[in-house]
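Notes for the structure review
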Amino acid sequence: MNRPALSLRLNSLRSRLMLLVALAILPLAIMTVVGGMREREQAVEASEENLRRLTNLAAANEAQSVERARQILVDLASVPDLLGPTPGCNALLADVLDRNEGYVNFGLIQLNGEVSCSAVPMLHPVNLGDRSHFKRAVAERRFIAGDYVFGRVIRRHTINLTYPVIDRSGNVAAVVFAAMDLAGLDTFVNDINLPPGSVLVTADANGTIISRRPDPERWFGTRVPAHLREAMHSAGRRALVIQDDDGVERLHTFARVGAPTLSDYTVTIGIPTDTVTAGARRAQLMSLVGLAATTMLALLAAWLAGDVLIVQRVRKLKDTATRIAGGDLDARSGIAYEREEIGQLAEALDGMAAILQKKEAARGLAERELRAADQRKDEFLAMLAHELRNPLAPISTGAHLLKLLHSDNAQITQTCAIIARQVEHMTGLVDDLLDVSRVTRGLVSLSTQVLDLRKVVDDAAEQIRPLISTRRHTVVLDLPLDAATVKGDHKRLVQVVANLLNNANKYTPEGGRIALRLVQDDGEYVLSVTDDGIGMEPQLVARVFDLFSQAERTPDRSQGGLGLGLALAKSLVELHGGSVRAESAGLGKGSTFTVRLPRHTQELPLTIAQSRGQATAATPLKVLLVDDNLDAAHTLQLFLGAAGHTVEVAYCGADAVDVARVFEPDVCLLDIGLPDFDGNELARRLRRMPQSTGATLIAMTGYGRQQDREAAMAAGFDHYMVKPVNTVELSDRLADIAAQQHPR
């Protein structure tokens, strides 16, 4: 393989830098494509609304023409001379024809279908008894707008409009008709400007064209295509994109000509979709060209900068480190000590070589101290890894279950809840285990609330259920029917009960029995965990709650653990004002661990929790999320979107300011560590903007010191949350904000 190919592999810093640049541009590319699609949709929506107005206006114009014809026929039907001698009738109708433009004939049809008189002289007898408009006028005794007809007398494209003549006895004596010239039916379209390639079509009930623009004479009497005729039957419902017979795809809207009692005609106007979306396509093409140019320039800059600023200097560091590793402590990198990372690394490497030179004589002592420190590190890491297995077990089980079930299965919801609780517990456990002095000295802080011990037991049993199932134990829970109310930290009490159950699980042979019982004893609740396991000798009972104390264990640590769980349980119980003790009748006779906690008489705050959940679901907010961690921002955006909130994301402070001007958020979730300026400065700028001055600002950051909190509050934040953010707490906080901004 040649050298250029090697340099493109992702195991080089330069190629990884280029990959990071490409990944940074990827969201912009996605937003460009999605934005272009949205612009096209908006263009179609706007054109659809305008087109619908034009179609309705054209239909109303034609309805006026038909209504005018109806009024003429109504007036004619009331004239006595109409049923008189033929010469007088002909003269009457000829006079009416002269007075009304747009008509080519008026006539009278007898009940046998014979045309007895006509405004236009007839060269031979004409019988219209087979015409549907004549039959319907007689049968329905009302005005009928007939279908397309090519006139037998006048030889013109027409529609015949008929009206029954009623005699004094209330019977139909004849039918008067008017033949309307189709060439003048749709003069309205001449007064509007339609884009090139647009069509306007009016069809009768049979789908025959009675008006079309452009080229009306070419289309009179032809049938509209079947798919267009089917769309006309549902006129007025919605716009449709239809490919017409000429191969052009058009956006069509439909409207009926007048009420059903006036006519069965339908008007449609179609505009080519290419015309509708032309502007949006041009804008999207320009955006894509700009994006491609930006991407190429960014990748080129990353390639060149990576070679000069990173690759060459890292090679020097590598060569220097190799020489030092080979025993050449005089080796130095030769890189200038600047404030950027590689310069600092070079300074550290050269300083290390100098220090190694000075301390070579004391290497033996340093090696012994290093071995001792390494041994302590290994013991601590072993303890950490061992204690993390308990919460990891239900998390792993839940993850496998998610892979097997469909998303609409009820078990998915339950499994997701399990995973969430275990992750929350895991976070707290890691905090404790990584600060050994806090655990050993009992300095664990509590977040107390009024809670039900039965719920504590349920959560603890759920947490260790996979471990219990693995050893095929039988677990019996004996809990009271009424709430066992105490005041304490739910997470810590779950940890206490889980540690006791896990201890019983480890020291009980497979297939054993574990019983948990919760009872009230005067002013206390007594929780006992009893097993039929290996038991304890008296000397072990006396020190079982000491750190690292345990029963005899196998070399592979499959049972004994590290002796931290019971010591931590005792410390936590005492912080809650309770006590814990252990009992055993001896080896092979099982053990009992008993916890006593003081009762609390206050009722559980169930109504508050319910109201918060309802508020969160009922009132969506406009949320601006600012975080330079793409994965964290995207995950939280999905969570907030699923809760019904409208979310806009920015990855730096400058973009956040621009988004806020347009978005006008209700809530701003801001990271403190941003690439351009920090979240505190961003909060100050948002407070000065009229679009966001009243928004609620919430800091979400990994900085948890008191001085960090004070600085954030001084910058204008309303709330401060430490990562990883508790999503339940965040949902409740958003529910409170929604209730304040949008009171019911």
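Residues numbered from 1 in each chain as written. Predicted model: local features only at pLDDT ≥ 70, side-chain atom pairs only at ≥ 80, totals over all residues. Heavy atoms only, no water.

1. Quick word on the packing of aromatic side chains
Enumeration according to the criterion identifies one aromatic pair in this entry. Their ring planes at 35° and their centres at 5.3 Å tell us that Tyr103 and Phe106 sit as a pair that is tilted. On the basis of relative accessibility, which here comes to 9%, the residue Tyr103 falls in the buried class. Between the NZ or CZ atom of Arg212 and the centre of the ring of Trp219, over which it lies, the distance is 4.1 Å. (Phe/Tyr/Trp six-rings, centres within 6.5 Å; stacked < 30°, edge-to-face > 60°. Buried < 20%, exposed > 50% of the residue type's maximum accessible area, 1.4 Å probe, protein only. Lys NZ or Arg CZ within 6 Å of the ring centre and 35° of its normal.)

2. Some remarks on the nonpolar core
With 44 residues, the main nonpolar core has Phe106 and Leu161 as its most contacted residues. Sorting the residues of this core by element identifies helix H2 (13-77), helix H3 (86-99), strand S1 (103-110), strand S3 (144-150), strand S4 (157-166), strand S5 (172-181), strand S9 (249-256) and strand S10 (266-272) as the ones contributing at least two each. Examining the composition of this core, we find that 10 residues originate from one element, H2, more than from any other. In this view, Phe106 contacts Ile72, Leu73, Leu76, Leu93, Val96, Leu97, Cys117, Ser118, Ala119, Phe177 and Ala178; residues no more than four positions away in its chain are not counted. Judged by nonpolar contacts, the second largest core, of 37 residues, contains Val456, Ala504, Ile514 and Val580. (Core = buried A, V, L, I, M, F, W, Y, C linked by side-chain atoms within 4.5 Å. Helix = DSSP H or I, 4+ residues; strand = E, 2+ residues; numbered from the N terminus. Contact = heavy atoms within 4.5 Å.)

3. Considerations on helix H19 (residues 679-688)
It helps to recall that an α-helix has 3.6 residues per turn; residues three or four apart then point in one direction. Those residues of H19 that fall on the buried side of the exposure criterion are Gly679, Asn680, Leu682, Ala683 and Leu686. The arc that holds every buried residue of H19, seen down its axis, measures 155°, which confines them to one face. Next to the buried residues of H19 lie strand S18 (622-626), helix H18 (653-663), strand S20 (667-670), strand S21 (696-701) and helix H20 (706-715). (Arc of directions from axis to C-beta.)

4. A closer look at the sheet that holds S5
Strand order across the open sheet formed by five strands is S2-S1-S5-S4-S3, with antiparallel pairing between neighbours. In this open sheet, the two edge strands, each paired with only one partner strand, are strand S2 (115-118) and S3. Recorded for the sheet is a direction-independent mean angle of 30° between the axes of neighbouring strands. The pairing of S1 with S5 spans seven bridges and is classified as antiparallel. Within the sheet, the bridge partner assigned to Ile109 lies in S5 and is Val175. Packed on one face of the sheet, H3 meets S1 and S2 and runs near 150° to S1. Contacts from helix H4 (residues 132-140) reach S1, S3, S4 and S5, with the element oriented near 165° to S3. (Pairing = 2+ DSSP bridges. Axes fitted to C-alpha atoms, helices over the stretch in contact; angles between N-to-C directions.)

5. Here we look at the state of the cysteines
Here the structure, examined in full by the defined rule, presents one disulfide. The disulfide partner of Cys89 is Cys117, and the S-S distance across this bridge is 2.0 Å. One end of the pair, Cys89, is in helix H3; the other, Cys117, is in strand S2, with 28 residues separating them in the sequence. With respect to burial, Cys89 and Cys117 carry one shared label: buried. (Disulfide = S-S within 2.5 Å.)

6. Section: the environment of Leu575
Looking at where Leu575 falls in the secondary structure, it is placed in helix H15 (residues 565-575). Through-space distance from the C-alpha of Leu575 to that of Gly488 is 9.2 Å; in sequence the pair is 87 residues apart.

7. Re a nonpolar patch on the surface
Nonpolar side chains collect at one region of the surface, where Leu19, Leu20, Leu23, Leu26, Ile30 and Val34 lie side by side and expose about 540 Å² of accessible area between them. Tracing the chain through its elements places Ile30 in helix H2. Ile30 gets classed as partly exposed once you look at its relative accessible area, which sits at 48%. (Patch = residues over 30% accessible without salt bridge, like charges linked within 9 Å, V, L, I, M, F, W, Y side chains within 5 Å. Areas by Shrake-Rupley, 256 points an atom, 1.4 Å probe, with all protein chains shown as cover. Salt bridge = Lys/Arg side-chain N within 4 Å of Asp/Glu carboxyl O.)

8. Examining helix H8 (residues 341-358)
Compared with an ideal rise of 1.5 Å per residue, which puts 18 residues at 26 Å, H8 spans 26 Å between its outermost C-alpha atoms and is within 8% of the ideal. When we look at burial in H8, the residues that qualify are Ile342, Gly343, Ala346, Leu349, Asp350 and Ala353. Seen from one end, H8 has its buried residues packed into an arc of 125°, which puts them on one side. Away from its buried face, by an angle of more than 90 degrees, H8 presents the exposed residues Glu341 and Lys358. (Expected span 1.5 Å × (residues − 1).)

9. Section: the confidence of the model for the protein chain
Atomic detail in the predicted coordinates should be set aside for any region of low pLDDT. The pLDDT averaged across the protein chain works out to 78; a share of 78% of its residues lies at or above 70. Within the protein chain, helix H16 (residues 606-618) has the poorest average pLDDT of any element, 42, and S20 the best, 94. pLDDT under 50 marks residues 606-617. Its contacts with residues more than four places away, or in other chains, come to nine contacts. (pLDDT = per-residue confidence, 0-100.)

10. A closer look at the pattern of salt bridges
Tallied over the full model, the rule gives 21 salt bridges. Residue Glu48 pairs with Arg52 through a salt bridge whose shortest N-O separation is 3.2 Å. Separated by four residues within a single helix, Glu48 and Arg52 lie in helix H2, roughly one turn from each other. The exposure class assigned to Arg52 is buried, which follows from its relative accessible area of 19%. Between Glu574 and Lys570 there is a salt bridge whose closest N-O contact spans 2.6 Å. Taken together, the residues span about one helical turn, with Glu574 and Lys570 both in helix H15 at a distance of four residues. A single salt-bridge network, built from bridges that share partners, covers Arg136, Glu140, Arg142 and Asp264.

11. A short note on the layout of surface pockets
In this structure, the second largest pocket occupies an estimated 810 Å³ of space. Along the wall of the second largest pocket there are 22 residues; nearest its centre are Pro27, Met31, Val649, Ala650 and Tyr651. Elements supplying a minimum of two residues to the lining of the second largest pocket: H2, helix H17 (630-642), strand S19 (646-650) and H18. No other element matches the six residues that H2 contributes to the lining of the second largest pocket. (1 Å grid on protein atoms, 1.4 Å probe; cavity = no way out; pocket = protein on both sides within 12 Å on 5 of 7 lines; lining within 4 Å. Points joined across faces, edges and corners; volume = space filled by probe spheres on them.)

12. Let's talk about the packing of H18 against H19
Interhelical geometry of H18 versus H19 gives an angle of 20° and a closest axis separation of 10 Å. When the axis of H18 is compared with that of H19, the two are roughly parallel. At the point where H18 passes H19, the crossing takes the right-handed sense. Judged by residue contacts, Gly653, Ala656, Val657 and Ala660 of H18 engage Leu682, Arg685 and Leu686 from H19. (Parallel < 35°, antiparallel > 145°, perpendicular 65-115°, else oblique. Left-handed = near helix turned anticlockwise from the far one by under 90°.)

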